[in-house]
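Each chain, written out:
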Amino acid sequence: MKSSRHEPPTLRSSTANRHVPAVVALIAVSAGIVADWYGSQVPWEYWFSGAVLSTLIWLVQFSVVSIRWAAIPLLVACGLTGATWHHWQWSLVLPNALSAYATEQPRPVRLRAIVDSIPILTPAEITTFPTAMPKRDRTLAELNVTALIANGSQETSIPVSGRTRLDVQGLLPTLTRGTEIELWGLMSIPGPPRNPGSFDFKLYLRERGIHTLVRCEFPECVQVRASPPVSWLPDVAAWQSIVANRIRRSLSSENAPLAIALLLGPRTDITQELKEAFLQSGMVHFLAISGINVGILVAFLWPLGLILRLPRRLQLLFIGLCVIGYVSITDADPPVLRAAILVWIMLLSLASGRPAAPVNHLAVAGLIIVAINPHDLFQAGAQLSFLAIVALNWLWSIGWLAKPETTDPLDDMDRSWWLRKVYWFGDVLRTALITTIAVWIFTLPLVLARFHLVSPIGFVLNVIMSLYMTVTLWLGYLYLACVLVWPPLGRVVGPFFDWPLSGFTWIIRYAADLPWGHFKLSGPPDWWLAVFYLLILAIGSGLLTQHLQRWGWRLILAWCATGLAWGLPSQSNPNLRCTFLAVGHGAAILIELPNRQTILYDAGSLEDGNRARLIVESAMIARGLTRLDALVISHADVDHFNAVPGLLENFSVGAVYVSPAFLDFRQPSVRLLCEATHAAGVPMRLIWGDDCLRCDKDVAVEILLPPAKRLSSDDNANSIVFSLRYAGRGLLLTGDLEKAGQQALLRLPPRQHDVLLAPHHGSLKANPPDLARWVAPRWVVVSGGGDISPTKLQQIYGDGVEVLTTGRQGAVTVEISPAGEIHVESQLDRQPRD
């Protein structure tokens, strides 16, 4: 029977996946990129010479030996080419690089540069919990620096090259891509992670080719020298801004930020609370434009082309051009580029009538992605995107996505129309369930390893809401077309897109609040992931025979059992570990007892309580901790507890301990904390001098101060002084103890402690010689203290005492063994101190 042009042709081919040269080439190139990543000290000339030599050997062998054997040097050449390109992009530093003039300590600088990205304007976020330091508006942009201005006796312009990240405290709405600017600010090199498990901001910037940071305190520090040059190419930033403004005018203020994120990509207008709700509900892939969005767009355009009765090739061209146009007004991240490339390859395959090989097409898209930026191979977003396609290809190769055939072809004719709709809806749910299960299995270990989160509710939502979100995005694309072509029509269509968005937002928030909806867990190590995904790719590619696939699944099950056995924590940890986290001017001390119970002493920061919360959460997940048995708040200064409400929402907490002096309800922050504790169902308990916390039979946890009666009206003087003793060793945590509180401590009999938390962030007034003699510590840790002189504290505590500041050395970890051996290590120095 002649096929109708109104039916999309099948892409499935039983033999197409057996001939996949692009897959082999991608594996070779990826191996070369990984080799340079781990062997970055190898000069790029070695990689390049090897690639040229392997290519010459291939040319000689191609005419002498069989093609199969000649392919070996060709694959070696592909791998060495990948290594060369990665080294060129990742490790090569030009002689006039801007980073040669920067250090980790901020230094004043005057630069001339060209804006190389769409500036991100971030208004100050209004938080329900008060902060000690109010947040300010910010403008972020990436710059191509052209000159460094030296101000000596005579102004000198030094030509430099390199990209930098500009952070302006204030809004610069007139700044656009291509603008030539001159700025005055503080330049520095981003440092490594300062806490265990924290986000590697330096690595993130390096992936974007950025090696320096420039911070400007005022918008006036940035002066425009020249407007962007006139170009016949469309300005993506201008188009994004125009479309975003039209969306804000035609949709409700609650849904406009979400619509901009779903349709265009920028998420700067979305609140942090909604971003976390998307992550916790397992629906964050909708918030970030990815291959799913492009696939839904194609599913929208295909029937539209049929309705317009376009000829086959014109219909395919129409879809391809629409995809290019859509990608051009989005952020065009690797998942979107991958999906767009894959769509175009599929369209060309359909137009030419050639048999389709989905795995080969995916590999071609991967080769193009790593050619643009080889380090995208290590990006979690790109990896998840490719894994999802591999999962779908595997389902396609085994026939699980094909519509089940009825036993009698006349059955559909005998059914009533409503019964046919029920069967159709059942097929949609079946397909959604099968694809969700496959993508879940393929991506879950990577999600755990990179995001430390598993969302069972996300599995349910992705099944039951697949049709809802498809229709919602179809309405969004129709609305976007109306906004682009004729804005008044967008106001007419807008409500039909606005209403489903309201329902979607409500469902996301409801799902995120379910107690069983998501869990924070530590993920598997990289070596386990590498073996797991090699097995998954071997099976999901469809290249293995049925017999080998059965063995592959057995190996995967065995490997999963190995990973579970490796990851199971021991019943007890014989050491006591105390980590002074680097949260800026604030405090967060994580204590892990030998019986695996945990205590958190303070959790806050002067700069940003949410940032302090993320630091604590990352450290806990990195240590495999999911519960806080006790959370002690030293006193009522907000920089010591403004991270607590977020921790109460995300972790199980046994109890919150405060002193009676803390409960000063004249302070709004104290009232809000009590309300958050009550809302989380966590008991709040009072402790004071001479109390003990019985958390571990081998650890003595004693409260030295304050007494039950307030010592003075000063919150600092009423700080909880927390003493831990284990195996003959002692740690003393003092909060911001000073004045009357410190005098009360010194009246007690002297108690030697090996490690002391310097009172009041290392303030010299709060660290007198009398305290040094009373404690007699070997190590003094300052929480914060970037502006504190360790030398002056050293003079107070004596030559045999080492002073460590989290502001300079990062997190400080103290570990005590059952034998009384004590080890002190800082995050940045990584030097054990015994």
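A.B. asks: How should I be thinking about the overall build of the protein chain in this particular structure?
C.D. replies: Across its full length, the protein chain carries 27 helices and 27 strands. The burial tally for the protein chain puts 47% of its 834 residues in the buried class. Considering only contacts within the protein chain whose residues lie at least 6 apart along the sequence, 71% involve residues at least 24 apart. Only carbon and sulfur atoms are counted for the fraction: they give 63% of the accessible area of the protein chain, which is about 40,400 Å².

A.B. asks: Honestly, the sheet that holds strand S19 (residues 692–693) in this entry has me stumped. Any pointers?
C.D. replies: Pairing between sheet strands relies on hydrogen bonds along the backbone, with the strands arranged either parallel or antiparallel. In spatial order, the strands read S19-S20-S21-S22-S23-S24-S25; together these 7 strands make up an open sheet with mixed pairing. Because the sheet does not close on itself, it has two edges, and the strands there are S19 and strand S25 (802–805). Judged from the 2 bridges that link them, S19 and strand S20 (residues 700–705) form a sheet pairing that is antiparallel. Each bridged residue has a counterpart across the sheet, and for Leu693 the counterpart in S20 is Val701. Strands in contact with helix H26 (residues 790–797) are strand S23 (755–757), strand S24 (779–782) and S25; relative to S25, the strand with the most contacts, it is inclined by about 145 degrees.

A.B. asks: I tried to follow the packing of helix H9 (residues 291–307) against helix H17 (residues 466–485) on my own but got confused; where do I start?
C.D. replies: Geometrically, a packed helix pair is captured by the angle between its two axes and the distance between the axes. The N-to-C vectors of H9 and H17 enclose an angle of 75 degrees; their axes lie 10 Å apart at closest approach. Considering their axes alone, H9 and H17 lie roughly perpendicular with respect to each other. Residues Asn293, Ile296, Leu297, Ala299 and Phe300 of H9 form the contact with H17, whose own contacting residues are Thr470, Leu473, Trp474, Tyr477 and Leu478.

A.B. asks: Would you mind showing me how to read the nonpolar core here?
C.D. replies: The tendency in soluble globular proteins is for nonpolar side chains to be buried as a group. Residues Ile247, Leu264 and Phe504 are the most contacted members of the largest nonpolar core, which totals 58 residues. Here the element with the most residues in this core is H9; it accounts for 8 residues.

A.B. asks: Honestly, the pairing of strand S5 (residues 163–169) in this entry has me stumped. Any pointers?
C.D. replies: Here is the key point about a regular strand: its side chains alternate between the two faces of the sheet. Most of S5 sits out of view: 7 of its 7 residues are buried. Burial along S5 is two-sided: the residues Arg163, Arg165, Asp167 and Gln169 and Thr164, Leu166 and Val168 are all buried. By the bridge criterion, 7 bridges tie strand S3 (residues 138–151) to S5 in an arrangement that is antiparallel. Residue Leu140 lies in a different strand from S5, and its bridge partner there is Asp167. Of the strand pairs in this sheet, S5 and strand S7 (residues 210–216) are connected by 6 bridges, and their pairing is parallel. Bridging across to S7, Thr164 finds its partner in Thr212.

A.B. asks: Mind showing me how you'd approach unusual backbone geometry here?
C.D. replies: Between Leu705 and the following residue, Pro706, the backbone shows a cis peptide bond with an omega angle of 0 degrees. Mapped onto the elements, Pro706 comes out in the loop between S20 and strand S21 (721–726). Phi angles above zero are rare outside glycine, and Asp602 is one such case at about 70 degrees. Mapped onto the fold, Asp602 is located in strand S13 (residues 598–605). For His761, which is not a glycine, the phi torsion comes out positive at approximately 60 degrees. Assignment of secondary structure puts His761 in the loop between S23 and helix H25 (769–775).

A.B. asks: What is the right way to look at the environment of Leu337 in this model?
C.D. replies: Take Leu337: it is sitting in helix H11 (residues 334–352). Measuring from C-alpha to C-alpha, the distance between Leu337 and Ile369 comes to 7.5 Å, with 32 residues separating the pair along the chain.

A.B. asks: Sorry if this is basic, but what is going on with H17 here?
C.D. replies: Since there are 3.6 residues in each turn of an α-helix, residues three or four apart along the chain are aligned in direction. Here H17 is 20 residues long and its end C-alpha atoms lie 29 Å apart, about the 28 Å a rise of 1.5 Å per residue gives. Those residues of H17 that fall on the buried side of the exposure criterion are Met469, Thr470, Thr472, Leu473, Gly476, Tyr477, Tyr479, Leu480, Cys482 and Val483.

A.B. asks: Would you mind showing me how to read the pattern of salt bridges here?
C.D. replies: Should the charged atoms of two oppositely charged side chains come close, the side chains can pair. Inspection of the entire model under this criterion finds 21 salt bridges. Of the charged contacts in the structure, one is a salt bridge between Arg163 and Asp116, with a shortest N-O distance of 3.0 Å. You can see Arg163 sitting in strand S5 and its partner Asp116 sitting in the loop between strand S1 (107–115) and strand S2 (120–122), a full 47 residues away along the chain. Residue classification places Asp116 among the partly exposed residues on the basis of a relative accessible area of 28%. Via salt bridges that share partners, Arg110, Arg112, Glu180, Glu182 and Arg225 belong to a single interconnected network.

A.B. asks: Can you help me understand helix H12 (residues 358–372) in this one?
C.D. replies: The end-to-end C-alpha distance of H12, which contains 15 residues, comes to 21 Å, matching closely the 21 Å that a straight helix rising 1.5 Å per residue would cover. Among all positions in H12, only Pro358, Val359, Asn360, His361, Leu362, Ala363, Ala365, Gly366, Ile369 and Val370 are buried.

A.B. asks: Help me understand the environment of Arg509 in this model?
C.D. replies: On the secondary structure map, Arg509 appears in helix H18 (residues 487–513). Taking the C-alpha atoms as reference, Arg509 lies 7.4 Å from Leu274; in sequence the two are 235 residues apart. Sequence-distant contacts of Arg509, defined by excluding residues within four places in its chain, comprise Glu273 and Leu274.

A.B. asks: Please clarify how the sheet that holds strand S17 (residues 656–658) should be interpreted in this entry.
C.D. replies: Reading across the sheet, the 8 strands line up as S18-S17-S15-S13-S12-S11-S26-S27 and stay open at both edges, with mixed pairing between neighbours. Single-partner strands in this sheet number two, and they are strand S18 (684–686) and strand S27 (822–826). Sheet twist, expressed as the average angle between the axes of neighbouring strands with direction ignored, equals 20 degrees. On the sheet, helix H21 (residues 609–622) packs against strand S12 (586–592) and S13 and is oriented at approximately 155 degrees with respect to S13.

About the criteria used
Residues numbered from 1 in each chain as written. Predicted model: local features only at pLDDT ≥ 70, side-chain atom pairs only at ≥ 80, totals over all residues. Heavy atoms only, no water. Helix = DSSP H or I, 4+ residues; strand = E, 2+ residues; numbered from the N terminus. Buried < 20%, exposed > 50% of the residue type's maximum accessible area, 1.4 Å probe, protein only. Contact = heavy atoms within 4.5 Å. Areas by Shrake-Rupley, 256 points an atom, 1.4 Å probe, with all protein chains shown as cover. Pairing = 2+ DSSP bridges. Axes fitted to C-alpha atoms, helices over the stretch in contact; angles between N-to-C directions. Parallel < 35°, antiparallel > 145°, perpendicular 65-115°, else oblique. Core = buried A, V, L, I, M, F, W, Y, C linked by side-chain atoms within 4.5 Å. Expected span 1.5 Å × (residues − 1). Salt bridge = Lys/Arg side-chain N within 4 Å of Asp/Glu carboxyl O.

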